[in-house]
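Residues per chain, in single letters:
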Amino acid sequence: MVSVAFSDKYFNSLLKLTPNEQSQANKAVMLFQQDPRHSGLHYEKLTAFKDDKLRSIRANQDVRIILAAAEQEDLYLMLHVDHHEAAYQWAAKRKVEVNPNTGSVQVFTVEETALTADANSQQAAPQPGLFDTIRDRQLLQLGVPEDALAVVRVIKTEADLENARDAEQIPPDAYEGLFMLMAGASFEEAYNEVVPTAPESVNTGDFSAALARPESQAHFAVAENEEELQAVLNQSIEKWRVFLHPTQRRLAEGIKNGPVRVLGGAGTGKTVVAMHRAKWLAEEVATRESKVLFTTFTRNLATDIQQNLNKICSQEALQRIEVINLDAWVVSFLKKRGYDYGLLMDSREEKRLWEQAYSEKSASLDLSIAFFQEEWARVVQPQSVDSVEAYKKASRIGRGTRLNRQQRVDIWPVFERYRHLLASNYLKESDDVYRDARHLLENEPALRPPVCSVIVDEAQDMGTQAFMLIRALVPPGPNDLFIVGDGHQRIYGKNRVVLGQCGIDIRGRSARLKVNYRTTDETRRVAVSILEGVPVDDLDGGEDNQTFYHSLMHGPVPEVRCFGSPDEQVEHILAALDEHSLAPEACCVIARTRKAVTELQSLLESRQQACHVLDGRNASTPEGALNLATMHRVKGLEFDAVFVASVNKGLIPLDYLLESAADPVTRRQRENEERALLYVSLTRARKLAYVYGYGVMSPWFESSQ
């Protein structure tokens with residue numbers, strides 16, 4: 001039996017065949033692994049081609065699989081599958097090599113002539129090349145094949161670079177380094193990103209060693225036996241299950257000497273990394289008695305994560321991973337210990353309690369109820385303030401209303417009354433529950449759950465008390481905490497958390513993912529523009545940015561339109577589905593509020609369009625039903641097309657939220673969260689995005705129409 005490796009591009013070509021041809025190709029590969037010289041496969045060396053390692057086998061009379069042979073290693077790389085002539089035309093231009101500088105396996109096109117520069121750049125006056133200041137030696141160090149140097153030297157625009165990538169004249173790992181140089185990185189920055197650990201020496205004939213490198217594993221999956229081969233074939237349709245970017249793989253695998261923080265824009269695969277990290281820990285570190293706890297902010301996202309872990313983990317590994325949102329975990333933990341309080345979840349009950357507490361306000365204070373609610377959420381709760389003396393000393397950095405000491409004394413009775421009302425109703429807020437659980441764990445270490453590692457997804461939506469509890473769940477040490485998040489997607493009104501102040505030291509163990517695998521660059525640009533000028537934190541007291549954040553795919557610029565009526569808006573949603581032959585179940589209509597979602601549902605169903613409202617109760621969408629959801633609900637999901645609908649003045653941003661803000665600083669924070677909701681909504685789109693409104697469009701899109 002021989003080892004078989006699959007290129008990710010092989011699966012792209014496989015999916016273009018008919019289902020019957022795909023089945024025949026899979027059977028041919030399985031037979032080849034058992035007996036490469038089986039007469040029915042017609043194993044042939046392709047002579048007079050660019051690369052003498054190329055071979056072909058038959059899937060049927062017409063379909064050919066192109067592979068590269070490392071025969072001395074009993075290793076074969078499946079590269080492409082197509083009908084006879086097309087398969088050989090593909091092979092005629094390809095080379096497969098181990099790069100002598102990076103040690104990775106590269107597949108690239110070798111043309112007789114170098115890439116022709118972008119037509120627009122030729123019409124203007126002669127332009128310097130994008131990489132004129134970079135020496136050949138440096139390009140080679142970045143992983144550019146020597147055969148591709150001539151291509152790089154005629155690249156003058158970003159379009160030229162993308163054309164070379166799409167034509168496979170530049171391998172993906174080399175493209176990343178060139179992109180960073182084009183985007184303003186120094187050679188050293190680009191090199192450290194692309195080649196974080198340079199090999200001491202490279203044997204260009206050793207494909208087995210090359211395929212073991214993360215750079216190769218981003219594009220190749222190796223199956224050494226029949227069971228592994230079947231697993232790769234079964235998982236290949238969803239590439240995230242098999243192929244990880246080198247940065248993602250380095251984060252997901254291996255022993256970590258303490259807490260790790262991973263940042264990245266929407267679509268960069270943060271949750272994918274977290275899931276593969278959970279899988280690795282379950283297989284290499286955890287036991288049934290000492291599990292991996294995978295937690296996140298919302299119940300819906302925890303459900304989605306569990307469903308995806310089911311796709312990549314064995315049953316044995318799954319038994320070593322517990323997936324649960326933090327509120328559910330802490331309530332369960334405390335109830336088992338006789339805790340009498342429930343979690344305050346009802347917004348109407350919360351409003352009633354605050355109105356009662358507000359009646360205690362001193363007549364000398366000219367402060368709204370909204371001020372008290374904000375002060376409680378952003379000062380009192382995060383800092384565990386439990387007395388007027390503690391409140392007088394509490395930090396109020398970032399709050400918009402100045403207070404002197406006497407004002408703080410006058411304010412405190414309202415907070416005291418609110419806490420009393422909570423207690424008398426046997427209720428507590430999330431922060432109180434987190435704090436109580438942490439105190440219990442700190443005072444009685446024997447109660448600490450049997451957990452070897454905690455993985456946190458959507459970390460930006462958790463506050464200080466949540467992270468102080470998370471720190472208490474597992475003792476400091478190797479593999480203890482793995483935290484992923486993106487401050488650009490903070491949509492739940494939480495304060496900026498500083499991990500270091502929660503006892504979580506991430507120094508030297510931080511990474512930022514830069515490649516968006518989900519969204520087209522056109523949609524990404526529109527989404528990012530909504531957050532332009534909004535300061536975003538890095539979860540540890542610093543500022544985050546989206547430098548070098550980019551997408552590999554292209555498509556139409558999102559369509560922004562304002563219609564005369566809600567009916568006209570819905571008609572255009574249905575027309576777009578029809579025009580692009582979109583499966584409704586693979587698309588989603590997203591609106592700001594539940595009321596807006598209900599109105600859209602009514603209009604769509606009156607036109608005989610079946611709808612499926614995503615509310616956390618029904619996991620799968622029936623065939624032919626169009627998904628509808630609020631902006632908060634679509635967090636963590638993705639669709640072929642999204643329609644961000646009813647983007648009207650007053651709804652985007654939500655007027656009453658801004659107008660009820662206690663001061664300009666709070667108003668700005670709420671506006672930033674509204675912008676983050678739009679950013680999240682648009683970046684759910686894989687292929688197409690639409691921004692529709694009616695009547696008067698949101699002021700954020702007035703100039704886009």
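Structural notes, computed from the coordinates. Owing to the predicted nature of the structure, the values given are computational and were not obtained by experimental measurement.

**Structural notes on the sheet that holds strand 23 (residues 611–613)**
Thinking step 1. Across the sheet, six strands lie side by side as 21-26-25-22-24-23; this open sheet has parallel pairing. Two strands lie at the open edges of the sheet, namely strand 21 (559–563) and strand 23, each paired on one side alone. Neighbour to neighbour, the strand axes of the sheet diverge by 25 degrees on average, direction disregarded.
Thinking step 2. Of the strands in this sheet, strand 22 (587–591), strand 25 (639–644) and strand 26 (685–694) touch helix 28 (residues 664–682), which is tilted by about 145 degrees from strand 25.

**Points about the pattern of salt bridges**
When their charged atoms lie close together, side chains carrying opposite charge are able to pair.
Thinking step 1. Summed over all chains, the structure comprises 50 salt bridges.
Thinking step 2. One salt bridge connects Arg 37 with Glu 71, and the closest N-O pair in it is separated by 3.9 Å. Placement of Arg 37 in the loop between helix 2 (19–34) and strand 2 (44–45) and of Glu 71 in the loop between strand 4 (63–70) and strand 5 (75–83) is noted, with a sequence separation of 34 residues between them.
Thinking step 3. The exposed category is assigned to Arg 37, whose relative accessible area is 51%.
Thinking step 4. Residue Arg 55 pairs with Glu 71 through a salt bridge whose shortest N-O separation is 3.5 Å. Remark: Glu 71 occurs in the loop between strand 4 and strand 5 and Arg 55 occurs in strand 3 (residues 54–58); sequence separation between them is 16 residues.
Thinking step 5. By relative accessible area, which is 34% here, Glu 71 ends up partly exposed.
Thinking step 6. Taken together, the salt bridges that share partners define one network made up of Glu 158, Asp 521, Arg 524 and Arg 525.

**Some remarks on the side chain of Gln 489**
Thinking step 1. Looking at the element boundaries, Gln 489 is found in the loop between strand 15 (481–485) and strand 16 (510–513).
Thinking step 2. Residue Gln 489 is classed as buried on the basis of its relative accessible area of 3%.
Thinking step 3. Excluding anything up to four places from it in sequence, Gln 489 contacts Gly 265, Ala 266, Lys 270, Gln 460, Asp 461, Lys 635, Ala 676, Tyr 679, Val 680 and Arg 684.

**A look at the nonpolar core**
Thinking step 1. In terms of nonpolar packing, the biggest core is built from 60 residues, with Val 589, Phe 643, Leu 678, Leu 682 and Phe 701 touching the most fellow members.
Thinking step 2. Once residues lying within four places of it in the same chain are set aside, the contact partners of Leu 682 are Thr 523, Val 526, Ala 527, Ile 530, Val 642, Val 644, Ala 689 and Val 691.
Thinking step 3. Counting residues in hydrophobic clusters, the runner-up holds 35 residues, among them Phe 297, Trp 329, Leu 334 and Ala 466.

**Some details on the packing of aromatic side chains**
Thinking step 1. Overall, the coordinates contain 28 aromatic pairs when judged by the stated rule.
Thinking step 2. Between Tyr 391 and Phe 415 the ring centres are 5.7 Å apart and the planes differ by 85 degrees, which places this aromatic pair in the edge-to-face class. One end of the pair, Tyr 391, is in helix 20 (residues 388–393); the other, Phe 415, is in helix 21 (residues 405–424), with 24 residues separating them in the sequence. Neither Tyr 391 nor Phe 415 differs from the other in exposure class; each is buried.
Thinking step 3. Here the aromatic cluster, defined as three or more aromatic residues joined through ring pairs, consists of Trp 354, Tyr 358, Phe 371, Phe 372, Trp 376, Tyr 391, Trp 412, Phe 415 and Tyr 418.
Thinking step 4. Note that Arg 524 overlies the ring of Tyr 549, its terminal NZ or CZ placed 5.3 Å from the centroid.

Conventions we followed
- Residues numbered from 1 in each chain as written.
- Predicted model: local features only at pLDDT ≥ 70, side-chain atom pairs only at ≥ 80, totals over all residues.
- Heavy atoms only, no water.
- Pairing = 2+ DSSP bridges.
- Helix = DSSP H or I, 4+ residues; strand = E, 2+ residues; numbered from the N terminus.
- Axes fitted to C-alpha atoms, helices over the stretch in contact; angles between N-to-C directions.
- Contact = heavy atoms within 4.5 Å.
- Salt bridge = Lys/Arg side-chain N within 4 Å of Asp/Glu carboxyl O.
- Buried < 20%, exposed > 50% of the residue type's maximum accessible area, 1.4 Å probe, protein only.
- Core = buried A, V, L, I, M, F, W, Y, C linked by side-chain atoms within 4.5 Å.
- Phe/Tyr/Trp six-rings, centres within 6.5 Å; stacked < 30°, edge-to-face > 60°.
- Lys NZ or Arg CZ within 6 Å of the ring centre and 35° of its normal.

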